[in-house]
Amino acid sequence: MIKLVLDPGHGGKDPGAVGNGLVEKNLNLELSMRVAGKLADYDAAVTLTRSFDTDLSLDERCDIANNLGADLFCSLHTNSGGGTGFESFIHTSAGTKTESIRNVIHDMMADYYNSVGFRDRGKKRADFAVLRNTVMPAVLLENFFIDNPKDAVILKDVIFFDRLAEVIAGGIVKALGVPLKSPQPHGEQGSSITTPFTYQSMTPGQDFFSEIARLKAEGWLNGEHQPDDPVTWGELAAVINRLRDR
Ligand SMILES: [Zn+2]
């Protein structure tokens, strides 16, 4: 099975860039969870380097992917510094395999960005630690500029943001040739076997994040929810009504 590592940039004490009321570490985590949710129907083991707002060194991020023997390391960031649009990075000395994977993902993203009126800033190379110290093909995606009011509008729009996750997931699937999960055969008694979601958790219990990510990706849940958060009757009623209104 193809192993994918999604790396939400920053976290914990390191917020990354901030602007327009947005904090990069949170955007990166939400985008990564949404990408993981979009990959749920595919026959891939998806691992997030962090599923919480936690500190994680660049070496630790690389170690996770290296120890897993991942097929792709994809780091997700939000840009800053006064520009607009998106750009992708591979390491300065990356080979042709990494380059072709990046090109597929990048080109699909460029179509999306162009369709919503934003710039493709280009296919770039850099000596970033997470690209240098990962042994598998590694890409780093810089999505929109957190400090640009026009970009921030899109970052705050759940429909566009979710679509971005879909495009990134689609790019990964196409670049690596990830197959859809095969349907489970029905048993003798006609019982169907539920396909387990193949999200691979970092610690026991963390796979519940993928379940929350799926509901968020499909619009059943809004906002930040941790697996251990209590649910009020009001929240439960809202989710049930969303199902009833479908
Ligand atoms: Zn960043």
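- Looking up the protein in an unreviewed UniProt entry gives the name N-acetylmuramoyl-L-alanine amidase, with the organism given as Pelotomaculum isophthalicicum JI.

Considering the packing of helix α3 (residues 96-115) against helix α6 (residues 158-176)
- Contact geometry of α3 with α6 gives a least axis separation of 8 Å together with a crossing angle of 150 degrees. Classified by the interaxial angle, the pair formed by α3 and α6 is roughly antiparallel. For the crossing formed where α3 meets α6, the hand is right-handed. Residues I101, V104, I105, M108, M109, Y112 and Y113 of α3 form the contact with α6, whose participating residues are F160, R163, L164, V167, I168, G170, G171, I172, K174, A175 and L176.
- Per-class residue counts for the contact of α3 with α6 are 14 nonpolar, two polar and two charged.

Here's the deal with the packing of aromatic side chains
- On inspection of all chains with the given rule, the structure shows five aromatic pairs.
- Relative to Y113, the ring of Y112 has its centre 5.4 Å away and its plane inclined at 85 degrees; by these criteria the two rings are edge-to-face. Across this residue pair, the class does not change: Y112 and Y113 are buried.
- Among the aromatic side chains, those forming a connected cluster through ring pairs are F86, Y112, Y113, F118 and F144.
- The positively charged end of K150 is found above the aromatic ring belonging to F118, 4.3 Å away from the centroid.

A look at the layout of surface pockets
- Of the volumes computed, that of the second largest pocket is approximately 250 Å³.
- Forming the boundary of the second largest pocket are 18 residues, of which E30, R34, D157, V158 and I159 lie nearest the centre.
- Put simply, the parts of the chain that give the lining of the second largest pocket at least two residues each are α1 (24-38), α6 and α7 (208-217).
- Broken down by element, the residue count for the lining of the second largest pocket peaks at four residues, all from α6.
- Three or more residues apiece are contributed to the lining of the second largest pocket by two domains, here domain 1 (2-176) and domain 2 (208-244).

Topic: the pairing of strand β1 (residues 2-8)
- For β1, the buried fraction is high: six of the seven residues fall into the buried class.
- Relative to strand β4 (residues 44-48), β1 is paired through five bridges, and the arrangement is parallel. What sits directly across from V5, in β4, is T47.
- The pairing of β1 with strand β5 (residues 72-79) spans five bridges and is parallel. Within the sheet, the bridge partner assigned to L4 lies in β5 and is L72.

Structural notes on the side chain of E142
- When you line up the elements, E142 lands in strand β8 (residues 138-145).
- Buried within the structure, E142 lacks any salt-bridge partner; R121 is the closest side chain of opposite charge, at an N-O distance of 8.6 Å.
- A polar side-chain atom of E142 sits 3.2 Å from the main-chain amide nitrogen of N79.

Describing the sheet that holds strand β6 (residues 86-91)
- Across the sheet, six strands lie side by side as β4-β1-β5-β8-β6-β7; this open sheet has mixed pairing. Two strands bound the open sheet, and with one partner strand each, they are β4 and β7 (120-126). Strand-to-strand twist of the sheet, defined as the mean angle between neighbouring strand axes without regard to direction, takes the value 20 degrees.
- Sheet analysis places β6 next to β8, joined by four bridges and oriented antiparallel. Its bridge partner being in β8, F86 is matched across the sheet by N143.
- Sheet contacts for α1: β1, β4, β5 and β8; angle to β5, the most-contacted strand, approximately 140 degrees.

Section: the pattern of salt bridges
- This model, assessed by the stated rule, comprises 13 salt bridges.
- A salt bridge links D127 to R132; the nearest nitrogen and oxygen atoms lie 3.1 Å apart.
- The exposure class assigned to D127 is partly exposed, which follows from its relative accessible area of 45%.
- Put simply, E166 and R163 hold a salt bridge, and the shortest N to O gap is 2.6 Å. One end of the pair, E166, and the other, R163, are both in helix α6, three residues apart, so they sit about a helical turn from each other.
- E166 gets classed as partly exposed once you look at its relative accessible area, which sits at 37%.
- Residue classification places R163 among the partly exposed positions, given a relative accessible area of 41%.

About the cut-offs
- Residues numbered from 1 in each chain as written.
- Predicted model: local features only at pLDDT ≥ 70, side-chain atom pairs only at ≥ 80, totals over all residues.
- Heavy atoms only, no water.
- Axes fitted to C-alpha atoms, helices over the stretch in contact; angles between N-to-C directions.
- Helix = DSSP H or I, 4+ residues; strand = E, 2+ residues; numbered from the N terminus.
- Parallel < 35°, antiparallel > 145°, perpendicular 65-115°, else oblique.
- Left-handed = near helix turned anticlockwise from the far one by under 90°.
- Contact = heavy atoms within 4.5 Å.
- Nonpolar A, V, L, I, M, F, W, Y, C, P; charged D, E, K, R; others polar.
- Phe/Tyr/Trp six-rings, centres within 6.5 Å; stacked < 30°, edge-to-face > 60°.
- Buried < 20%, exposed > 50% of the residue type's maximum accessible area, 1.4 Å probe, protein only.
- Lys NZ or Arg CZ within 6 Å of the ring centre and 35° of its normal.
- 1 Å grid on protein atoms, 1.4 Å probe; cavity = no way out; pocket = protein on both sides within 12 Å on 5 of 7 lines; lining within 4 Å.
- Points joined across faces, edges and corners; volume = space filled by probe spheres on them.
- Domains from an automatic or database assignment.
- Pairing = 2+ DSSP bridges.
- Lys, Arg positive; Asp, Glu negative; His and termini not counted.
- Salt bridge = Lys/Arg side-chain N within 4 Å of Asp/Glu carboxyl O.
- Polar contact = N/O pair within 3.5 Å; in protein donor to acceptor, adjacent residues only side chain to side chain.

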